[in-house]
Amino acid sequence: MKVAEELTLDSMASLIDCCGSTTSLTIETLTDYLTKLEIDEDWLLAQLPNPMPKTGYHRTLIHQAKCFEIVLATWPVGGGTLVHDHGSLNSQGVVRVLKGSLYNQMYELQEDGTVTRGERHVAGEGALVPVTRDMVHAMGHAGENDGYAASLHVYFPWIVEVRYWDPQTGLPVVAPT
Ligand SMILES: [Fe+2]
């Protein structure tokens, strides 16, 4: 199928749906779609949580279909995720940074179930960050701009039963409520 040069959220969701199953969608294809996705500034402003969280981050479910989900994450200065994997279904996906910049701190899962700190990258506005199967990481506002940061996340399949780790000890921790 020929893909248009520019995509809207709806047309991108339709294209992903056309894949029909999680087995025919790849990170490469998704990266291509997200590169071509046009995000309207007004749309983004309309999606922002009010009030903006002071810590952590906020998830807004934009689209959920049979085999994938699209989530908007908004990050206050100093905000970020816990150390996590992408669930029992080994979900994968791509993150596009819409505003500001995000750090991506990688961790390596050890045989004993603990994690050790790996590389840290910063993804600037417009960057596309692949989330591969079995990836353990923490993301957050990189502190390079004063305002909030925002990113669009597409995961396939949905993320369920996420595991978390303590970044200091590397030990697994119980899921936050
Ligand atoms: Fe993640």
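Further up the page is the structure itself.
Residues numbered from 1 in each chain as written. Predicted model: local features only at pLDDT ≥ 70, side-chain atom pairs only at ≥ 80, totals over all residues.

### Points about the overall build of the protein
Item 1. The number of helices and strands found in the protein is 3 helices and 11 strands.
Item 2. Put simply, the protein runs from its N terminus to its C terminus through helices and strands in the order α-α-α-β-β-β-β-β-β-β-β-β-β-β.
Item 3. Rg of the C-alpha trace for the protein: 16 Å, near the compact-globule value of 16 Å for 177 residues, within the 12% margin.
Item 4. For the C-alpha atoms alone, the extent of the protein along its principal axes is close to 50 × 40 × 30 Å.
Item 5. Counting only residues that meet the buried cut, the protein has 28% of its 177 residues in that class.
Item 6. Contacts in the protein between residues at least 24 apart in sequence constitute 75% of all its contacts with a sequence separation of at least 6. (Helix = DSSP H or I, 4+ residues; strand = E, 2+ residues; numbered from the N terminus. Rg over C-alpha atoms; globule rule 2.2 N^0.38 Å. Buried ≥ 20, exposed ≤ 12 C-beta atoms within 10 Å, placed from the backbone. Contact = placed C-beta atoms within 7 Å.)

### Describing the sheet that holds strand S7 (residues 128-131)
Item 1. What the 5 strands build is an open sheet, ordered S1-S2-S9-S4-S7; its pairing is antiparallel. Pairing within the sheet leaves two strands with one partner each, and these edge strands are strand S1 (58-64) and S7. Neighbour to neighbour, the strand axes of the sheet diverge by 20° on average, direction disregarded.
Item 2. On the sheet, helix H2 (residues 27-36) packs against strand S4 (92-99), S7 and strand S9 (149-156) and is oriented at approximately 20° with respect to S4. (Pairing = 2+ DSSP bridges. Axes fitted to C-alpha atoms, helices over the stretch in contact; angles between N-to-C directions.)

### Here we look at the environment of Ile-27
Item 1. Topologically, Ile-27 is positioned in helix H2.
Item 2. Separated by 10 residues in the primary sequence, Ile-27 and Asp-17 place their C-alpha atoms 14 Å from one another.
Item 3. Leave out the neighbours within four places in its chain, and Ile-27 touches Gln-92, Val-94, Pro-130 and Thr-132.

### Some words on the environment of Tyr-107
Item 1. Mapped onto the secondary structure, Tyr-107 falls in strand S5 (residues 102-109).
Item 2. Residue classification places Tyr-107 among the buried residues on the basis of 21 C-beta atoms within 10 Å.
Item 3. Considered as a pair, Tyr-107 and Arg-120 are 13 residues apart in the sequence and their alpha carbons are 9.1 Å apart.
Item 4. If near-sequence neighbours (up to four positions away) are discounted, Tyr-107 is found in contact with Val-83, Val-115, Thr-116, Arg-117, Gly-118, Val-136, His-137 and Trp-165.

### What to know about the pairing of S4
Item 1. Of all 8 residues that make up S4, 6 are buried, and the element is covered over most of its length.
Item 2. Examined bridge by bridge, S4 and S9 share 7 bridges and lie antiparallel to one another. Bridging from a neighbouring strand, Val-97 pairs with Ser-151 of S9.
Item 3. Sheet topology places S4 next to S7; 4 bridges connect them, and they run antiparallel. Bridge assignment links Arg-96 to a residue of S7, and that residue is Leu-128.

### Re the nonpolar core
Generally speaking, soluble globular proteins have nonpolar side chains that are buried together.
Item 1. Grouped together as the largest cluster of nonpolar side chains are 27 residues, with contacts concentrated most on Val-94, Leu-102 and Val-154.
Item 2. Those elements giving two or more residues to this core turn out to be helix H1 (9-18), H2, strand S2 (69-75), S4 and S9.
Item 3. The greatest single-element share of this core, amounting to 6 residues, is contributed by S9. (Core = buried A, V, L, I, M, F, W, Y, C linked by C-beta atoms within 7 Å.)

### Some remarks on the environment of Gly-118
Item 1. Relative to the helices and strands, Gly-118 is located in strand S6 (residues 115-123).
Item 2. Sequence separation between Gly-118 and Gln-64 is 54 residues, and the spatial gap between their C-alpha atoms is 31 Å.

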